[in-house]
Each structure stands twice: as C-alpha cells, then as structure tokens.
Amino acid sequence: MLDKTTIICRCEEISYEEIEEVIDQGARTFDDVKRLTRCGMGPCQAKICTNLVANIIHEQTGRPLHKIPLPRMRMPLSPIKLETLTTDSTSFSAVKSVLDEVELEDGKVR
Ligand code: FES
C-alpha cells in the first residue's frame, strides 16, 4: 500500500504526494506529471516510474489505463557516454553505455 511519503520516482525522489498534487492541478498524462515534477527525467528515463504514475493517474481521475498515453521517449534510450556521441562511428558495437563499466559485487554496484 502506498502512503503519501512513498517515493514513486526513485531517480528524482518524487513522492506519491507530489504526484497527487499535480494531478489535482490538472495533470492527466505522464508527460504532464513529468513537466511539473521532473518525475521520469532521471537516469532510468522513466523505466521504473512510468507504470506507477499511470496507476496513480488512473486511481485519482478514474481515467482508464489504456487511455493514459505512454511517455514521449527521447534519444538516447539508454545512458551512453559522451565520447560515444563524439565519434564518427555509426556502428552499434561502438556505442558505449555507462552501464558497461558498472561493476557488481554480491549483486550490488561497487
Ligand atoms: S524512477 Fe523515475 S526516472 Fe527513474
């Protein structure tokens, strides 16, 4: 069960209460919530919070889930290194993700 202090967008630390407030102000889509709170602008690019926000909009407004549009996606779709953007290569294998350098130890990021 979610309470008002539950963090919905972990990347931007946006709580349930903050999302509820912008819905009260008229937000009806994920992009509306994003513009008003920064929810979805974090490193995961809304992969974690999209469905949670859609469910809150549904609960608060009664709008059917299938009528709540998906967030507008922008390039890059995953976090990449700036050096990837500065190379002339168009090869997919040349794309260096910041996740390539993440080292895990016992399932946790070191
Ligand atoms: S959890 Fe919302 S942008 Fe990552």
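Everything quoted here is computed from the prediction, not taken from an experiment. (Residues numbered from 1 in each chain as written. Predicted model: local features only at pLDDT ≥ 70, side-chain atom pairs only at ≥ 80, totals over all residues. Heavy atoms only, no water.)

1. Observations regarding helix α2 (residues 30–37)
Definition in use: Each residue's exposure class comes from its accessible area (1.4 Å probe, protein chains only) as a fraction of the maximum for that residue type: buried when under 20%, exposed when over 50%, partly exposed otherwise. Only DSSP runs of H or I reaching four residues or more are called helices, and only runs of E reaching two or more are called strands; each is numbered from the N terminus. Regarding the arc, it is the one traced by the directions from the helix axis to the C-beta atoms.
Considered for burial, the residues of α2 that qualify are Phe30, Asp31, Val33, Lys34 and Thr37. For α2, the buried positions fall inside an angular range of 160° around the axis, keeping them on one side. Arg38, located one to two residues past α2, shows a positive phi value of around 75°.

2. Topic: a negative patch on the surface
For the record, the criterion: Patch membership needs two things, relative accessible area over 30% and no salt bridge, and members are linked within 9 Å if like-charged or within 5 Å if nonpolar (Val, Leu, Ile, Met, Phe, Trp, Tyr). Only the protein chains shown count as cover for residues, and the accessible areas themselves come from Shrake-Rupley with a 1.4 Å probe. Salt bridges are defined by distance alone: a side-chain nitrogen of Lys or Arg within 4 Å of a carboxyl oxygen of Asp or Glu. Working convention for charge: Lys and Arg count positive, Asp and Glu count negative, and His plus the chain ends are omitted. Charged groups are reduced to one reference atom each: NZ for lysine, CZ for arginine, CG for aspartic acid, CD for glutamic acid.
Side chains of Glu17, Glu18, Glu21 and Asp24 sit close together on the surface and give a patch of like negative charge. Looking at where Glu18 falls in the secondary structure, it is placed in helix α1 (residues 16–24).

3. Considering the environment of Arg38
Under the convention used in this document: The contact criterion used throughout is that any non-hydrogen atoms of two residues lie within 4.5 Å. Polar contacts here mean pairs of N or O atoms no more than 3.5 Å apart (in protein, one a potential hydrogen donor and the other a potential acceptor; neighbouring residues in sequence count only if both atoms are side-chain atoms).
Along the chain, Arg38 falls in the loop between α2 and α3 (50–61). Residue classification places Arg38 among the partly exposed residues on the basis of a relative accessible area of 44%. On a C-alpha basis, the gap between Arg38 and Glu13 in space is 9.3 Å, while along the polypeptide they are 25 residues apart. Other than its neighbours up to four places away in sequence, Arg38 contacts Glu12 and Val33. Among the polar contacts listed, one links the side chain of Arg38 to the side chain of Glu12, at a separation of 3.4 Å.

4. Section: the nonpolar core
Test applied: The nonpolar core is taken to be a set of buried Ala, Val, Leu, Ile, Met, Phe, Trp, Tyr and Cys residues, with the residues joined through side-chain atoms within 4.5 Å.
By size, the foremost hydrophobic cluster in this structure holds 18 residues, and its most contacted members are Ile8, Ile19, Val33, Cys39, Cys49 and Val53. If you list the elements that add at least two residues to this core, you get β1 (7–9), α1, α2 and α3. Non-local contacts of Ile19, meaning those with residues more than four positions away in its chain, are made with Ile8, Ile14, Val33, Cys39, Val53 and Ile56.

5. Observations concerning the side chain of Thr29
Take Thr29: it is sitting in the loop between α1 and α2. Here the side chain of Thr29 touches Asp32 through a polar contact of 3.1 Å, landing on its backbone nitrogen. Leave out the neighbours within four places in its chain, and Thr29 touches Ile57, Arg63 and Pro69.

6. So, the pattern of salt bridges
Enumeration according to the criterion identifies three salt bridges in this entry. Of the charged contacts in the structure, one is a salt bridge between Glu12 and Arg38, with a shortest N-O distance of 3.4 Å. Of this pair, Glu12 sits in the loop between β1 and β2 (14–15) while Arg38 sits in the loop between α2 and α3; the two residues are 26 residues apart in sequence, bridging distant segments of the chain. Two residues, Arg35 and Asp32, come together in a salt bridge whose shortest N-O distance is 3.2 Å. Within this pair, Arg35 and its partner Asp32 are both found in helix α2, separated by three residues, close to a single helical turn. The exposure class assigned to Arg35 is exposed, which follows from its relative accessible area of 56%. Under the relative-accessibility criterion, Asp32 is labelled partly exposed at 23%.

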